[in-house]
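The residues making up each chain are set out below.
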Amino acid sequence: HVLEGLKGNELKLQREFWFDRTQPDMPLSKMFLFNGNGALLSQVEYRGFKKFDDGIYWPEQVLLTRAQDSYALEITFNSVKQNPQLGKQAFLLENR
């Protein structure tokens, strides 16, 4: 949990993290983000972890849900390469 200290001894929940203890290295499986009033703003779920050669686990899917805004976004990674070499052109934004 991430808490914010307020005046007096009051604490307010900002973030909550869930870890999957059934998986090696207990990867982060869910994250909840709250607004200043304690209402849930965003829920992020990480699914389908794969292990890289160096032992790092990476999720194949990330699901972001924002119920108050009535939308969700699912990202699926078909291929993940850790720290590939990128040319200077990869960071060049051209106006078209």
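Analysis parameters
Residues numbered from 1 in each chain as written. Predicted model: local features only at pLDDT ≥ 70, side-chain atom pairs only at ≥ 80, totals over all residues. Heavy atoms only, no water. Salt bridge = Lys/Arg side-chain N within 4 Å of Asp/Glu carboxyl O. Helix = DSSP H or I, 4+ residues; strand = E, 2+ residues; numbered from the N terminus. Buried < 20%, exposed > 50% of the residue type's maximum accessible area, 1.4 Å probe, protein only. Phe/Tyr/Trp six-rings, centres within 6.5 Å; stacked < 30°, edge-to-face > 60°. Pairing = 2+ DSSP bridges.

A. Main features of the pattern of salt bridges. In the structure shown here, the tally under the stated rule is three salt bridges. Residue Glu 60 pairs with Lys 50 through a salt bridge whose shortest N-O separation is 3.3 Å. Taken together, the residues span a long stretch of sequence, with Glu 60 in strand S5 (residues 57-66) and Lys 50 in strand S4 (residues 40-51) at a distance of 10 residues. By relative accessible area, which is 30% here, Glu 60 ends up partly exposed.

B. Up close: the packing of aromatic side chains. In the structure shown here, the tally under the stated rule is two aromatic pairs. Judged by centre distance (6.1 Å) and plane angle (70°), the ring pair of Trp 58 and Phe 77 falls under edge-to-face. One end of the pair, Trp 58, is in strand S5; the other, Phe 77, is in the segment after strand S6 (71-76), and 19 residues separate them in sequence. Judged by relative accessible area, Trp 58 falls into the partly exposed class, the value being 38%. Judged by relative accessible area, Phe 77 falls into the partly exposed class, the value being 29%.

C. Focus on the pairing of S4. Relative to S4, strand S3 (residues 28-34) runs antiparallel, the two being bridged by five bridges. Directly across from Phe 32, in S4, lies its bridge partner Gln 43. In this structure, the hairpin formed by S3 and S4 is closed by a connection of five residues, where Gly 38 is found at a positive phi of approximately 90°. Where S4 and S5 come together, eight bridges link them in antiparallel fashion. Looking across to S5, one finds that Lys 51 is bridged to Tyr 57.

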